[in-house]
Protein chains: 2
Amino acid sequence: MAQDEVDRLTEAWRHERPDLDVSPMEVLSRVSRLARHLDRERRAAFAEHGLEPWEFDVLAALRRAGEPYELSPGVLLGQTLVTSGTMTARVDKLTARGLVSRRRDEDDRRAVRVRLTEFGKKSVDAALEGLLANERRLLAGLGAEDRKRLSDLLRTLVLPFDDAPS
Amino acid sequence: MAQDEVDRLTEAWRHERPDLDVSPMEVLSRVSRLARHLDRERRAAFAEHGLEPWEFDVLAALRRAGEPYELSPGVLLGQTLVTSGTMTARVDKLTARGLVSRRRDEDDRRAVRVRLTEFGKKSVDAALEGLLANERRLLAGLGAEDRKRLSDLLRTLVLPFDDAPS
DNA sequence: CACAAATATCTTGGCGCCAAGATAACAGAC
DNA sequence: GTCTGTTATCTTGGCGCCAAGATATTTGTG
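Residues numbered from 1 in each chain as written. Chains lettered and ligands numbered in written order. Predicted model: local features only at pLDDT ≥ 70, side-chain atom pairs only at ≥ 80, totals over all residues. Heavy atoms only, no water.

Caption draft 1: Region of the structure containing the overall build of chain A. The helix and strand tally for chain A stands at 7 helices and 3 strands. Start at the N end of chain A and walk to the C end: the helices and strands fall as α-α-α-β-α-α-β-β-α-α. Its C-alpha atoms give chain A a radius of gyration of 20 Å, more than 25% over the compact-globule value 15 Å for 166 residues. With the C-alpha coordinates of chain A rotated into their principal frame, the extents come out at 65 × 30 × 25 Å. Counting across all 166 residues of chain A, residues that qualify as buried make up 46%. Within chain A, counting contacts between residues at least 6 apart in sequence, those at least 24 apart form 46% of the total. Approximately 8200 Å² of chain A is accessible, and the part contributed by carbon and sulfur atoms is 50%. The average position of the 29 basic charges and that of the 30 acidic charges among the side chains of chain A differ by 4 Å. (Helix = DSSP H or I, 4+ residues; strand = E, 2+ residues; numbered from the N terminus. Rg over C-alpha atoms; globule rule 2.2 N^0.38 Å. Buried < 20%, exposed > 50% of the residue type's maximum accessible area, 1.4 Å probe, protein only. Contact = heavy atoms within 4.5 Å. Areas by Shrake-Rupley, 256 points an atom, 1.4 Å probe, with all protein chains shown as cover. Lys, Arg positive; Asp, Glu negative; His and termini not counted. Charge placed at Lys NZ, Arg CZ, Asp CG, Glu CD.)

Caption draft 2: Structural detail: the protein's contact with DNA strand D. Taken together, 21 residues surround DNA strand D, and among them G74 and S84 of chain A together with T86, R90 and R110 of chain B come closest. Each atom of DNA strand D within 4 Å of the protein was assigned to sugar, phosphate or base; sugar and phosphate come to 76%. Contact distances for DNA strand D include 2.7 Å between a phosphate oxygen and a backbone N or O atom of G74 of chain A. Within the side chain of T88 of chain A, one N or O atom sits 3.2 Å away from a phosphate oxygen of DNA strand D. Counted by class, the surface near DNA strand D contains 6 nonpolar, 7 polar and 8 charged residues. (Near = heavy atom within 4 Å. Polar contact = N/O pair within 3.5 Å; in protein donor to acceptor, adjacent residues only side chain to side chain. Nonpolar A, V, L, I, M, F, W, Y, C, P; charged D, E, K, R; others polar.)

Caption draft 3: Focus on the nonpolar core. L34, L150 and L157 of chain A together with L34, L150 and L157 of chain B are the most contacted members of the largest nonpolar core, which has 30 residues in total. Those elements that provide at least two residues to this core are helix 2 (23-47) and helix 7 (144-163) of chain A together with helix 2 (23-47) and helix 7 (144-163) of chain B. Look past the residues within four positions of L157 of chain A in its chain and what remains in contact with it is V27 and L28 of chain A together with L34, L138, L139, L142 and L150 of chain B. (Core = buried A, V, L, I, M, F, W, Y, C linked by side-chain atoms within 4.5 Å.)

Caption draft 4: Geometry of the protein's contact with DNA strand C. The immediate surroundings of DNA strand C are formed by 21 residues, with T86 and R90 of chain A together with P73, G74 and S84 of chain B found nearest. Sugar and phosphate atoms represent 78% of those atoms of DNA strand C found within 4 Å of the protein. For DNA strand C, a phosphate oxygen lies 2.7 Å from a polar atom in the side chain of T86 of chain A. A distance of 3.2 Å is found between a phosphate oxygen of DNA strand C and a side-chain nitrogen or oxygen belonging to K93 of chain A. Secondary-structure elements contributing two or more residues to the surface near DNA strand C are helix 5 (84-96) of chain A together with helix 4 (73-80) and helix 5 (84-96) of chain B. Here the surface near DNA strand C is built from residues that sort into 6 nonpolar, 7 polar and 8 charged.

Caption draft 5: Here's a closer look at the sheet that holds strand 3 (residues 112-116) of chain B. Residues and elements named next belong to chain B. Strands sit in the order 1-3-2 across an open sheet of 3 strands; the sheet is antiparallel. Sheet topology places strand 1 (70-71) and strand 2 (100-104) at the edges, where each strand pairs with a single neighbour. Pairing between strand 1 and strand 3: 2 bridges, direction antiparallel. Note that in strand 3 the partner of L71 across the bridge is V114. (Pairing = 2+ DSSP bridges.)

Caption draft 6: Looking closely at the side chain of E135 of chain A. If you trace the backbone, E135 of chain A turns up in helix 6 (residues 118-138). No salt bridge is formed by the buried E135 of chain A; its nearest oppositely charged neighbour, R42 of chain A, is found at 5.9 Å. The contacts of E135 of chain A, once residues within four sequence positions are left out, are P24, M25 and L28 of chain B. (Salt bridge = Lys/Arg side-chain N within 4 Å of Asp/Glu carboxyl O.)

Caption draft 7: Molecular detail of the relation of the copies chain A and chain B. Superposition of chain A onto chain B requires a rotation of 180 degrees combined with a translation of 0.0 Å along the rotation axis, giving an RMSD of 0.0 Å. What we have between these two chains is a two-fold relation. A high fraction, 100%, of the interface residues of chain A reappear at the interface in chain B, so the copies pair face to face through one surface. (Least-squares fit on C-alpha atoms with pLDDT ≥ 70 in both.)

Caption draft 8: The packing of aromatic side chains, seen in detail. Residue and element names in this part refer to chain A. Applying the stated criterion across every chain, the model contains 2 aromatic pairs over all chains. Ring plane angle 20 degrees and centroid distance 4.2 Å describe the contact between F46 and F56, whose orientation is recorded as stacked. Pair noted here: F46 is in helix 2 and F56 is in helix 3 (residues 53-64), with a separation of 10 residues, a long-range link. With respect to burial, F46 and F56 carry one shared label: buried. One cation-aromatic arrangement involves K93 over W54; the distance from NZ or CZ to the ring centre is 5.4 Å. (Phe/Tyr/Trp six-rings, centres within 6.5 Å; stacked < 30°, edge-to-face > 60°. Lys NZ or Arg CZ within 6 Å of the ring centre and 35° of its normal.)

Caption draft 9: Molecular detail of the interface of chain A and chain B. Tallying the contact residues gives 63 residues for chain A and 63 residues for chain B. Regarding the contact of chain A and chain B, the summed buried area is about 6900 Å², with carbon and sulfur atoms giving 70% of it. The largest contributions to the chain A side of the interface with chain B come from W13, R64 and F161 of chain A, which together make up 10% of the buried area. Only helix 1 (5-16), helix 2, helix 3, helix 6 and helix 7 of chain A provide two or more residues apiece to the side of chain A that touches chain B. (Buried area = accessible area lost by both parts, 1.4 Å probe.)

Dropping the structure here:
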C-alpha cells in the first residue's frame with residue numbers, strides 16, 4: 001500500500017520526537033484530513049445545484065423533518081451545531097434567496113417558524129442526490145464488508161460525543 | 001450497539017426519501033461529524049498550553065522540519081492547506097507573540113524564512129504531548145487490532161486525495 | 001543587457017463563524 | 001395581577017479564512 005500524507009507526517013514526528021508514541025495520529029489525523037477533503041467535495045457537489053454547504057445543512061434539516069417542513073431556529077441549532085447568532089444570519093440569507101420562509105409563531109410570540117419553500121425543497125432534493133452520487137464514487141475503493149466495518153468502527157468513536165452533551 | 005446521530009439521520013432520510021440509497025452517509029457523515037468533535041478536542045487540548053489550533057499547525061510543521069526549524073511561507077502553505085494570504089497573517093501574529101521569527105532570505109530576496117523561537121519550540125513540544133494524551137483517551141474504546149484496521153481503511157479513502165493534487 | 005514570464009509574498013475586501021450581551025415574551029410563585 | 005427567572009431569538013464586534021490582485025524579485029531568452 002502506498003504512503004499517504006499521514007504516513008509521512010508520523011514518520012517525521014518519530015524522527016524528531018522518538019520519545020513519543022504518535023500512533024494515535026494514524027487514526028485521528030486521517031479522520032481530520034479526510035474530513036477536510038470531504039468538505040471540498042461537498043462544496044463542489046452542492047455548487048452544481050446552486051447551494052452552499054451551510055445552506056444545504058439548514059435545508060436538509062427541514063427536509064428531514066417531513067411535512068410541513070417547518071422547524072424553529074432553536075431546533076435547527078441543535079441539528080446543525082452552530083450558535084444562535086449564526087442561525088439568525090443563515091435564515092436571513094435563505095429567506096432573501098427564497099429557499100425558506102420565516103414567520104412568527106402565533107402561540108408563542110417569542111418563537112419563529114422556518115419553513116421550506118417549494119423552491120427550497122426542489123433544491124435540497126436535487127443537491128442530496130448529487131451529494132450521494134459523489135459519495136458513492138469516493139467509496140468505490142471499498143467493498144460492502146469494509147464499509148460496514150468502517151462505519152461500525154467510526155460509530156464506536158463518535159458515540160461518546162453524541163451521548164454526552166459536549 | 002447504541003444508535004449515534006448518524007443512525008438517526010439516515011433513518012430520517014430513509015423515511016422521507018425511500019427512493020434513495022443513503023448508505024454512503026453512514027461512512028462519510030460519521031467521518032465529518034467525528035472530525036468536528038475532534039476539532040473541539042484539539043482546541044481544548046492546545047488551550048491548556050496557550051495555543052490556538054492554527055498556531056499549533058504552523059509551529060508543528062516547523063518542528064517536524066528538524067533543525068534549524070526554519071521553513072519558507074510557501075512550504076508552510078503546502079503543509080497546512082491554507083492560502084498565502086492566510087499564512088502571511090498567521091506568521092504576523094506568531095511573530096507578535098514571539099513564537100517564531102521572520103527574516104528575509106539573503107539569497108533570494110523575494111523569499112522569507114520563518115523560524116521557530118526557543119519559546120515556540122517549548123510551546124509546540126508541550127502542546128503535542130497534551131494532544132497525544134487526549135487522543136489516546138479518545139481511542140481507549142478500540143483495541144490495537146481495531147485501530148490498525150481503522151487506519152488502514154481510512155488510508156484507502158484518503159490516498160486518492162493525497163496523490164492527486166486536488 | 002533588456003524584456004517577458006515565473007515565483008514568493010503581501011494586501012485588500014468580503015464572508016461566515018462565534019461569544020457575549022440585548023431584547024422580547026412566557027411561566028411560575030405569591 | 002406582579003415580580004422574577006427562564007426561554008427564544010436577534011444584534012454587535014471581532015477573528016480567521018479565502019479569492020483576487022498587487023508588489024518585488026528572480027530566471028530564461030535572445
